[in-house]
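Notes for the structure review
Each chain, letter by letter, is given below.
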Amino acid sequence: MTTDRTNAAPPAEGGAAPRPAPDATADEKELRRRRRRSWRYRMDTKASPYGFVAPFFLFFGAFGLFPLLFTGWAALHRVRLQNPGEMEWAGLHNFTRLLSDEFFWNALANTFTIGILATVPQLAMALGLAHLLNYKMRGQNFFRVVMLTPYATSVAAATLVFAILYGRDYGMINWALDLVGINPVDWKNNTWASQIAISTIVIWRWTGYNTLIYLAAMQAVPRDLYESAALDGASPWKQFLHVTLPSLRPTILFTVVVSTIGATQLFGEPLLFAGSPSGGNQNQYQTLGLYMYEMGWMNFNLGRASAIAWSMFLLLILIGLAYWAVSKWITRSTGGRRSSR
Amino acid sequence: MRTTPRTRMTRRAAVGTAAMMLAVTACSSSDSGGGDDGGQITLTVGVFGQFGLEEAGLYEEYMELNDNIVIEQTSVQENSDYYAALLTRLPTGSGLMDIQAVEVGNIYEVTNELGQYFVDLNDYDVDTGHFMDWKAAQATSEDGRVVGLGTDTGPMGLCYRTDYFEEAGLPTDREEVSELWAGSWEDYIATGEQFMSDGPDDVKWVDSPGGVFNAVVNGYEERFYNAAGEVSYKESQGVSDAWDIAMRAVDGEMTTKQAQFTPDWERSVANGDFATISCPPWMLGYIADKSGDAGKGLWDYAAAPQPGNWGGSFLTVTEASQHKEEAVKLIEWLTAPEQQVRLFTERGSFPSSEEAIANSEDEIQGVTHDYFADAPIGELFTQAVDGIPTLIVGPRDQVIQEGLANGLLAADTQGLDGDEAWDATVRSIDNALDD
């Protein structure tokens, strides 16, 4: 198709520019050829874009949409990992049972609390750090790269190191707490302590990433806004509050959405924290992702696991809708300000 | 070849998972069986952990004996990862090895519910007469199909620290120590109570409540399933006794409050935080590895209060294999008495073959363990085999056992009382088993 393109729009001879009067010999053949060319040209402009995006959609269909739909289908059946071909219709049983499944609600609550514990401090810190990095300073690039290193670390490596730091009897964190006279904390068995510990891993890994996104957005804020604010006598804090933050709103929304999706799907950190998909001996930090994994790959119950997977999917859709509503509201309010500028 | 309950994945879990991923990709590209390469036959073997066959040089020897055979082994660190991957591949028949190892915790399911995916060894005239009866029975289905040949067994003893025992005024000689609790786990706990009051302050009696539970429950014929094949852990005498003994250890603050095989647990082994631990043969190597030079000569090995088996594995041949006959020959050779003896002398995995123990009595009896004060482990394990009950195994043994160990650990670390912990455990197990 790409080679046709040059044919379709030849620069000199066949172009759309007014051409010299046709030779007497320029017969029907030439005309037909032109017509065919222009048909190909039309097809090219109309169809090619679809051709170019097709690979993505084919892959998405095979590895995204089909598994999604099939998971939904499996969720309506009794299926076991030992014999996935044998499906017995169960209707909505796998879903309705979730309503009274204390382990599901526990996992949902854990996902929510760990999500809050991880996301809020993470984004707040990222905002502050981005603000600091936005000042002119020596070694800017160095600091920016350092910010991003945790993000480049693998979940497994980071979690395993944190799991050692958070050891109850020989962990460095308890050792440090002991130095200042605080009793050792059982980071793996205590509910809140374990959730906080897992949140710190998430925070450690993702703060730098969000910082850089905020930093990029901050650098796009026009300087003159700060200058006029300074002229009006606004302190740096007031400038941050009234110039930086409002300009960053869409970016903040973006990071919140991404972090929420990440939090809902949280899996690697709690799995590797103590190396078990049960998320603590009383499931004290079992997230939805872990519960799904445990149901499918430890209890071998694919039907129930699929139902949990779909519940997570529906949950994400709900969250997505909520954010969409918020973003509409935000663009409306910032849109008004922009037009007044 | 140890039981690696899934709640006790070690920090190598990540490595294991990664290895599994690799195995998945590797195997999807090269279908099972390998190819014939100018008369060469490649046999693939899937195992978990440090299985020992390769380490003991058995593959090498077999390849020397059989020029046309090449053996390739793929190992996944954790059995729970290994088994989950095996399960996903069996129904499709792709990505399977010619030979797959199966842990005792999974053997019932493999034999009875997944039996159609494995070769019935009766068709190949395999001699299974030399195995211990209970070991052979575990890999035989109700309709008489034999799908696996036993590799090792886990006759259990108790490892103890002589230095701590001395400090607590307890005997240190292994025979006298065995006498302390001969025949009764109650006495073992009572000795623990004495140890806690007289022994060193910062040392606990035992490593984990789950370890105590396992050791006790494996001495009973009926544990989690009854003879009719129904889930019966709520009523079984074994579970109730084991739970009570373990709860006594919990209530007496006698454990280091760890889950076995976690990194924290390994550190408590390395630092010598406890005085006793249930010791199947494979545990000796574990302790020697983790404690290193610091613990050398301080450990010794005594008899357990009651005989029991913990761990041990089987080798199977998959139906999907392209070289069933050769694969069957290989597992028959690998599990033959001579090779089992070698696996013991080289790796400490105790034979599952009665004939191996009888024929090579001198060789086996002569084996000592220098790390454990030169304990005559050959002799001690042979004694420990006596009276091991034929466990009734069931498809979900692993899930039930881990649920119970989890409940005990919760009682130990989160201050639940025995009844609360039991209720929570039952709810959790029932949820896991529910269809």
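Just so we're clear, the structure is a prediction, and the values are computed from it rather than from any experiment.

Calculation rules
Residues numbered from 1 in each chain as written. Chains lettered and ligands numbered in written order. Predicted model: local features only at pLDDT ≥ 70, side-chain atom pairs only at ≥ 80, totals over all residues. Heavy atoms only, no water. Contact = heavy atoms within 4.5 Å. Buried area = accessible area lost by both parts, 1.4 Å probe. Salt bridge = Lys/Arg side-chain N within 4 Å of Asp/Glu carboxyl O. Polar contact = N/O pair within 3.5 Å; in protein donor to acceptor, adjacent residues only side chain to side chain. Helix = DSSP H or I, 4+ residues; strand = E, 2+ residues; numbered from the N terminus. Nonpolar A, V, L, I, M, F, W, Y, C, P; charged D, E, K, R; others polar. Patch = residues over 30% accessible without salt bridge, like charges linked within 9 Å, V, L, I, M, F, W, Y side chains within 5 Å. Areas by Shrake-Rupley, 256 points an atom, 1.4 Å probe, with all protein chains shown as cover. Lys, Arg positive; Asp, Glu negative; His and termini not counted. Charge placed at Lys NZ, Arg CZ, Asp CG, Glu CD. Expected span 1.5 Å × (residues − 1). Buried < 20%, exposed > 50% of the residue type's maximum accessible area, 1.4 Å probe, protein only. UniProt positions renumbered as here; feature names shortened; annotations may be inferred.

**Describing the interface of chain A and chain B**
On the chain B side, the residues contacting the 39 residues of chain A number 42 residues. Both faces considered, chain A and chain B share a buried interface measuring about 3,300 Å² in area, 48% of it formed by carbon and sulfur atoms. A per-residue breakdown of the area chain A buries against chain B is headed by Gln82(A), Tyr170(A) and Asn281(A), which together make up 19% of the total. At the surface where chain A touches chain B, the tally comes to 4 salt bridges. A salt bridge links Asp264(B) to Lys188(A), with the nearest nitrogen and oxygen atoms 3.2 Å apart. Applying the counting rule to chain A against chain B returns 17 residue pairs in polar contact (both at pLDDT 80 or more). When residues of the side of chain A that touches chain B are traced back to their parent elements, those giving at least two are helix 4 (102–133), helix 6 (155–165) and helix 12 (288–298) of chain A. Sort the elements by how many residues they give to the side of chain A that touches chain B and helix 12 of chain A lands first, with 6 residues. Its residues placed into classes, the side of chain A that touches chain B shows 16 nonpolar, 12 polar and 11 charged.

**Things to note about a negative patch on the surface**
A grouping of Asp173(B), Glu175(B), Glu176(B), Glu179(B) and Glu379(B) is seen on the molecular surface, where their side chains present a negatively charged patch. Inspection of the secondary structure assignment puts Glu179(B) in helix 7 (residues 174–180).

**Some remarks on helix 18 (residues 397–414) of chain B**
Residue and element names in this part refer to chain B. Across its 18 residues, helix 18 extends 25 Å between first and last C-alpha, which sits within 8% of the 26 Å expected from 1.5 Å per residue. With 17 of 18 residues buried, helix 18 is to be regarded as a mostly interior element. Looking one or two residues beyond helix 18, the residue adopting positive phi is Gly-415, at roughly 65°.

**Points about unusual backbone geometry**
The phi angle at Phe300(A) is positive, at roughly 60°, despite the residue not being glycine. Look at Lys257(B): it is not a glycine, yet its phi comes out positive at around 55°. Take Lys257(B): it is sitting in the loop between helix 10 (237–251) and helix 11 (263–270).

**Brief notes about the UniProt feature "transmembrane region" (unreviewed entry) in chain A**
Residues and elements named next belong to chain A. As recorded in UniProt, the sites labelled "transmembrane region" (unreviewed entry) are residues 50–76, 103–130, 142–166, 196–217, 248–268 and 307–331. Taken end to end, residues 50–76 is 96% helix and 0% strand, and its two terminal C-alpha atoms sit 35 Å from one another. Overall, residues 196–217 shows 100% helix and 0% strand. The separation of its end C-alpha atoms is 30 Å.

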